[in-house]
Amino acid sequence: MNRNLLQFSPPKMLQSIKGMLLLIMLSLTLVRTVAAQDLTITGQVKGADDGAALPGVTIIVKGSTNGTSSDADGRYTIKVSDPNAILVFSFIGYAQQEVALANRTTVDVSLEADIAELSEVVIIGYGEVKKSNVIGSVSSVKAEDLTRIPAGNVMESLQGSVPGMDITRTSGAAGANVNIAIRGNRSLTASGSPLFIVDGIQYNSIQDINPNDIQSMEVLKDAASTAIYGSRGANGVILVTTKRGSGKTKVSFNTYTGVSSLNGYPDVQNGAQYAAQRREANRTAGKWSSEADDGTIFSVAELDNIKNNRSTDWRDLMLHNGSIQDYQVGLTSSSDKTSFYASLNYFREKGLFENDVLQRYTFRTNIDHKISEKFKVGTQNQFSYYDIDRRRDPLNISNKLSPLEDAYDSTGAVIPWLNNNKTVNPLMDEEGDNFVNNSVVTRLFSSLYVEFKPIKDLTFKSIIGVTSSNTRDGIFASAMTVARNGIKPFTSFTNTTDLSINMENILTYNKEINGHTFTITGVQSLLRNKREVHASSGINQLISAQGYYGLGNANEQIITGAPYTESGLLSFTGRVQYDYKEKYLLTLIGRSDGASQLSPGLKWNFFPSVQAGWRIIEEAFMAGATTVSDLKLRASYGLSGNYAVDPYSTQSNLARVPMAYDEKLAVGYMFDTKLGNDDLSWEKSTTVNVGIDFGFLSNRLTGSIDLFRTKTVDLLLNRFLPASSGATRIVQNIGETDNRGIEIALSAVPVQTDKFTWKIGATWFKTREEIVALATESDDIANGWFIGQPTRVFYDYEKIGIWQTADADLATTFGQVPGEIRVKDQDNSGGIDATKDRVIIGSALPQWIGSFNSDFKIGNFDVSIQMFARWGQTIQYDFANIYDPTANENSIEHDYWTPENPSNDYPRPNANTSRSAMRYLSTLLYRDGSFMKLRGITIGYNLPSTVLSKTPFSRVRIYLNGKNLFTHSKIDNYDPEGGGNESNPLSRLIVGGINLEF
């Protein structure tokens, strides 16, 4: 070791300190010199259209973070070090402008109005128009809005963001579908699902498409907008445009992973509470008076658990944390002739139950190629593969199990039988291969188009799309499962093949003459659907380890079937779009559809529509209205149809009936219980829509208001028939409905500076449904349809409490005693009658739906908050039904009546009264299902360019997201979005993710 290094020399250290001080002084001098050379730039920013000063304009020195904002008079001051620097001026509603200083110290700028937003293209079906020229009720959703909230189904991300579209997810199972209704329910039994069009081709498996692959989405709501799709668009149309290749080659990688947990679930009684209810039930029946009688109502094992305060939480044994993960790689590139986009995605979701897992693999390619100035071709292809394990929901069993029973024996093994050998332990479904429910789905969606421009203003485009899908469903349930409960094993194997062919031939002519613009479109469309199903099932499979692949070993009740269905739709459409200087707008549409499902002579119908718009902002008298930046009135009228019934509904089919004849097995045939209707025609809806679009303060505040009314006649009604007819149902054109409502959408930018931006948005809509007519002039109580009421209502006795001791004499006149459910005598007759005393309790239709979102950008950080509310609906609360008055089964924690606790919530337990014998039990089910929830919060951070320049990445964003974090409702510990279901509860989700581009 060099000992000189360890020597301490004060003179040398002083010299070093002097050198360091000299260096610092020189640096400070240089800084002062540089500061002295800084230039102060001043100026004023005005609007080029009216010369008015613009406050709040962001001014930044290009390539730096040095910036400022203009004051209330549009004036600004900024210091720069480079006399040739470039200033960048940006402001909402105006085009960004770059200005070189060129040794100037005063720079005044006039910003031009940004017409890019109003010129933004909106897809409207077989064409596109400028956003400013849309005159139907169309809502547009941008790509960034579709990826805000992680979801396996992109439609779940849209919840609350589109006025008029009601989206709910009522199941927390992995891969569960969402329910979608646009402007309420028009039909009573026909399908109300909207039509999905992906890149011009019908494709209803929207869950296949990764949100990162979508460029934009449009929702067509009024009949005039959907009329271009005729009968297919009767329930609204959702247009999806996927990403295409653009610019230089770019690779992106997006991933997130997270954990899901239970988002509220009511508690069942613990051991002590359950024991108290059983004692009370037997006290009511005169079988118990004190704990000395416990031996007569509890088993030895139950008494031991009561004594030692042991209790089994069955729900906790069933429910676990779930997980979610998503990985997507995208590639985009283009040249002067060819553009290419490809993506590969893997998505996995595990639900809250064991054996509840969905895995999805997707691969997409979009290719466009310009052969010449006249010819262009392209293709889009998506391959999807699903591997899904489903768990039979065990909660409807486990919620009723006695908490005084053990789940495992002393060795840790699952106890197979519970409840005195009456119930299989639901944990047995998790043992080995006892229960398997697996589906494998393979789907190919492919389309090819050719575009030809023979002359300047004429375009012909032909598209053919094919969707081929194969689904294999295999189920095996051994005897010791919840599904079989000790009965012989059951096995089924089903293979379903679907083929859909969609051909579209589109001719478009555009012409502009002295401010008059015409676009004429003609469409010929063909849609064919085929389905083949091969299904087999059997009982008593000998070797359980073979699962559903051992179906051939089943030796009892072998059933096979191979149903086949085919349907087709042929359409011809014409559309004329006209505008005069983008001020007066008019669209006329006529479409003729022929559907194979309907009766001969009634298969075809014609669906016309008209739209008109007036862009008031373009009028000369609006030139001085500086506060108003956009104003448009629009109105539309249209007729649409619905043919959403099963194929062959016009025919009465034969059904095989096994029978015995002369003591021998024989087979007979009879008409199926569903009769055919040879007079089946279209369900038709007429819609009137009036709307206004507006913008204020250079579009810092924008919005729209729509009023609509839809009348539907000749409803496709699946009507029940009396038993004397020999059949049970028939589809007929019967009845009328009337829907009307209002939709409001607002967005604003309250603050925008160089360092902080705040954007907010809100939607609110209200829809009222009403049944106007049915098969007869009276209500259809059997089906739950009532004239003057919404399509989905609850009809029952009205519970007003529990009979109290003070009302014992009055209760006697109704044949009841204190502690029983009390319902209202609606007609004051002194008795309860099923015809006169049942009323409409509530409707599943909410009174209104609303949303609010707030987005902040603070430097490189961004924060997004989404709120959602669904208010005024009634739900059937399954948990209210988990109440056994005999206390043989467990119950949810209920406040039941006793002489010492005169509750008005639940009746008194009674060991002599079963659930089926308890009067008015159904009245306990109804709850106010209103809720408001914090739907999502996202906090993100974008790496600054100074850091990115040292990496191969052009963009890096990391984020943390929370979903369903908080729910406010009138039901404790439950998310009413679940619709009252006790099965497959909804979950809360926390995820972290990263977005990379390079």
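Residues numbered from 1 in each chain as written. Predicted model: local features only at pLDDT ≥ 70, side-chain atom pairs only at ≥ 80, totals over all residues. Heavy atoms only, no water.

**Q** Before we go on, may I ask you to explain the pairing of strand β31 (residues 604-614) in this structure?
**A** Each regular strand displays side chains that alternate between the two surfaces of the sheet. Where strand β30 (residues 584-595) lies against β31, 11 bridges are found, and the strand directions are antiparallel. Of the residues in β31, the one forming a bridge with Ile589 is Ser609. (Pairing = 2+ DSSP bridges. Helix = DSSP H or I, 4+ residues; strand = E, 2+ residues; numbered from the N terminus.)

**Q** Looking at this structure, how should I read the pairing of β30?
**A** Across 12 bridges, strand β29 (residues 564-580) lies against β30 in antiparallel orientation. Opposite Asp579, over in β30, you have Leu585 as the bridge partner. Connecting β29 to the next strand, β30, in antiparallel fashion are three residues, including Lys581 with a positive phi near 50°.

**Q** Honestly, the side chain of Gln866 in this entry has me stumped. Any pointers?
**A** Locating Gln866 in the fold gives a position in strand β47 (residues 861-871). Classification of Gln866 as buried rests on a relative accessible area of 5%. For Gln866, the side chain forms a polar contact with the side chain of Ser864, separated by 2.4 Å. Dropping the residues within four chain positions of it, Gln866 is found in contact with Arg148, Ile149, Phe852, Asn853, Lys933, Leu934, Arg935, Gly936 and Ile937. (Buried < 20%, exposed > 50% of the residue type's maximum accessible area, 1.4 Å probe, protein only. Polar contact = N/O pair within 3.5 Å; in protein donor to acceptor, adjacent residues only side chain to side chain. Contact = heavy atoms within 4.5 Å.)

**Q** Even after reading the chapter, I still don't get a nonpolar patch on the surface, so can you show me in this structure?
**A** On the surface, Ile455, Tyr509, Phe518, Ile520, Val576, Leu586, Leu588, Val610, Tyr637, Val688, Val690 and Leu707 cluster together into a nonpolar patch covering about 950 Å² of accessible area. Among the secondary structure elements, those contributing two or more residues to the nonpolar patch are β27 (516-539), β30 and β36 (683-696). When you line up the elements, Ile520 lands in strand β27. By relative accessible area, Ile520 is classed as partly exposed at 40%. (Patch = residues over 30% accessible without salt bridge, like charges linked within 9 Å, V, L, I, M, F, W, Y side chains within 5 Å. Areas by Shrake-Rupley, 256 points an atom, 1.4 Å probe, with all protein chains shown as cover. Salt bridge = Lys/Arg side-chain N within 4 Å of Asp/Glu carboxyl O.)

**Q** Explanation requested: the UniProt feature "domain: TonB-dependent receptor plug" (unreviewed entry) in the protein chain in the structure shown.
**A** Sequence positions flagged by UniProt for "domain: TonB-dependent receptor plug" (unreviewed entry) are, in local numbering, residues 131-237. When the span residues 131-237 is considered, its composition is 7% helix and 25% strand, and the gap between its end C-alpha atoms is 18 Å. (UniProt positions renumbered as here; feature names shortened; annotations may be inferred.)

**Q** Help me understand the sheet that holds strand β10 (residues 138-142) in this model?
**A** To summarise the sheet geometry, strands pair through backbone hydrogen bonds and adopt either a parallel or an antiparallel arrangement. Strand order in the open sheet formed by five strands is β10-β15-β16-β13-β14, and the pairing between neighbours is mixed. Sheet topology places β10 and β14 (201-202) at the edges, where each strand pairs with a single neighbour. In this structure, strand β13 (residues 195-198) lies alongside strand β16 (residues 237-242), joined through four bridges in parallel fashion. Each bridged residue has a counterpart across the sheet, and for Val198 the counterpart in β16 is Val240.

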